[in-house]
Amino acid sequence: VILELLKKVSLLKNHPHLNVILLGESGTGKEIMARLLHQQEEESNRPFVVVNMPAIPSNLMEAELFGVEKGAFTDAKQSRAGKFELADGGDIFLDEIGDLAPDTQAKLLRTLQEKQIERVGSSRVRKVSFRTISATNQPLSDLMSSGRFREDVIYRLSDMVLWLPPLRERKEDIPLLTHYFIKKYSRQSTGPTLSSTALETLLNYHWPGNVRQLESTIK
């Protein structure tokens, strides 16, 4: 499965105008895929900005995404660029986009449509150029049918949709991933090898934490 995903990622090379949304359970490797999408582009100086939606308090979300002007609110001691401004000319990774509040979704739609941002407390319009790579562990149909997420925003974010199945449904990837993580964390040039019994144990486990749990285990 991972090789098929890598082929799909390679098809997006040199198409940074296409927004990508990554679907899958937590720990399936969505951020790794996002970084691969970014790294395969030939311009090495393109920025890659990560936004972890659940980690940002709702009252600070607009300032984090769009920036803030000095004095816009009590704690705004100085002007600061937002994540979209920092991602100008590159990629912005919106992790767990499903947690975005409805009022911020409306402002995000304008940014996606017009490629413009206004910092909180400013009326100045700034032009920006970016590709969004979004991720969510929630089904898109559930987000839209429940009214928690605007359909027009989803459509803007999903020129291409990539589904990352849980590790329990792609056990053929476990030996490949295990070998990669052994090389990544081994202190020696040639890392240890797994016995057939150890590999069988890994294959028989259901991995509720997906790739993230496998990586932690091998580490």
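Up top is the structure these notes are about.
A brief look at the structure comes next. Only a predicted model underlies this, so the values are computations on that prediction, with no experimental measurement involved.

About the cut-offs
The written sequence of each chain sets the order in which its residues are numbered from 1. Per-residue local features are limited, in this predicted model, to residues with pLDDT of at least 70; the limit for side-chain atom pairs, both in listing and counting, is 80 or more; totals at the level of whole chains, interfaces and linings are taken over all residues. Processing note: side-chain calculations cover all non-hydrogen atoms of the structure and skip hydrogens and water entirely. As a rule, the C-alpha atoms of each element are fitted with a line to give its axis, helices using only the stretch in contact, and angles between N-to-C directions run from 0 to 180 degrees. The helix count covers DSSP runs of H or I at least four residues long, the strand count covers runs of E at least two residues long, and both are numbered beginning at the N terminus. Two helices crossing with the near one rotated counterclockwise from the far one by less than a right angle form a left-handed crossing, whereas a clockwise rotation gives a right-handed crossing. Contacts are assigned to residue pairs with any non-hydrogen atoms lying within 4.5 Å of each other. Classification convention: Asp, Glu, Lys, Arg as charged; Ala, Val, Leu, Ile, Met, Phe, Trp, Tyr, Cys, Pro as nonpolar; all other residues, Gly among them, as polar. Patch membership requires more than 30% relative accessible area and the absence of a salt bridge. Residues of like charge join within 9 Å; the nonpolar side chains Val, Leu, Ile, Met, Phe, Trp and Tyr join within 5 Å. Residue exposure ignores everything except the shown protein chains as possible cover, and the areas themselves are Shrake-Rupley values with a 1.4 Å probe. Throughout this description, the term salt bridge denotes a Lys or Arg side-chain nitrogen within 4 Å of a carboxyl oxygen of Asp or Glu. Exposure classes here rest on a 1.4 Å probe applied to the protein chains alone. A residue is buried below 20% of its type maximum, exposed above 50%, and partly exposed in between. A helix is expected to span 1.5 Å multiplied by its residue count minus one. Pairing between strands requires that DSSP locate at least two bridges from one strand to the other. Any angle that falls under 35 degrees is termed roughly parallel, while one over 145 is termed roughly antiparallel, one within 65 to 115 roughly perpendicular, and all others oblique. Each aromatic pair joins two rings of Phe, Tyr and Trp (for Trp, the six-membered one) with centres within 6.5 Å, and gets the label stacked for planes under 30 degrees apart, edge-to-face for over 60, and tilted for any other angle.

A few words on the packing of helix H8 (residues 174–185) against helix H9 (residues 196–204). Close contact between H8 and H9 brings their axes to 10 Å; oriented N to C, the two are set at 120°. Here the hand of the crossing between H8 and H9 comes out right-handed. Contacts between H8 and H9 involve Ile174, Pro175 and Thr178 from the first element and Leu199, Leu202 and Leu203 from the second. Taken together, the residues of the contact of H8 with H9 break down into five nonpolar, one polar and no charged.

Together, Leu3, Leu6 and Leu176 give the surface a local cluster of nonpolar side chains, amounting to about 270 Å² of exposed area. For Leu3, the location among the structural elements is in helix H1 (residues 2–11). Judged by its relative accessible area of 55%, Leu3 is exposed.

Even without a glycine there, the phi angle at Glu96 is positive, about 55°. Among the secondary structure elements, Glu96 is positioned in the loop between strand S3 (90–95) and helix H5 (102–114). Note on Glu96: relative accessible area 11%, which makes it buried. Look at Lys115: it is not a glycine, yet its phi comes out positive at around 55°. For Lys115, the location among the structural elements is in the loop between H5 and strand S4 (116–117). Overall, the relative accessible area of 25% leaves Lys115 in the partly exposed class.

The end-to-end C-alpha distance of H5 is 19 Å, a good match for the 18 Å that 13 residues give at a rise of 1.5 Å each. Packed against the buried residues of H5 are helix H3 (61–66), helix H4 (83–86), S4, strand S6 (130–136) and helix H7 (151–157). Phi for Lys115, located one or two positions after H5, is positive at around 55°.

Turning to H8, a few remarks are in order. Turn by turn, an α-helix covers 3.6 residues, leaving residues three or four places apart pointing in a common direction. Across its 12 residues, H8 extends 16 Å between first and last C-alpha, which sits within 8% of the 16 Å expected from 1.5 Å per residue. Summarising the contacts, the buried residues of H8 are in contact with H1, H9 and helix H10 (210–218).

A few words now on the sheet that holds S6. With parallel pairing, the five strands of this open sheet are ordered in space as S2-S3-S6-S1-S7. Every interior strand has two partners, whereas the edge strands, strand S2 (48–52) and strand S7 (160–163), have only one. Strand-to-strand twist of the sheet, defined as the mean angle between neighbouring strand axes without regard to direction, takes the value 15°. Of the pairings in the sheet, the one linking S3 to S6 comprises six bridges and is parallel in character. Of the residues in S6, the one forming a bridge with Gly90 is Phe130.

A separate point is the packing of H1 against helix H2 (residues 30–39). Running from amino to carboxyl end, H1 crosses H2 at an angle of 40°, the nearest separation of the two axes being 10 Å. With respect to H2, the element H1 is oriented oblique. You can see that H1 and H2 cross each other, and the crossing is right-handed. In this structure, H1 uses Ile2, Leu5, Leu6 and Val9 to contact H2, whose residues at the interface are Met33, Leu36 and Leu37.

Summed over the entire model, instances satisfying the criterion amount to five aromatic pairs. Here Phe66 and Phe84 contribute two aromatic rings whose centre-to-centre distance is 5.9 Å and whose plane-to-plane angle is 10°, an arrangement assigned as stacked. Pair noted here: Phe66 is in helix H3 and Phe84 is in helix H4, with a separation of 18 residues, a long-range link. For Phe66, a relative accessible area of 4% puts it in the buried group.

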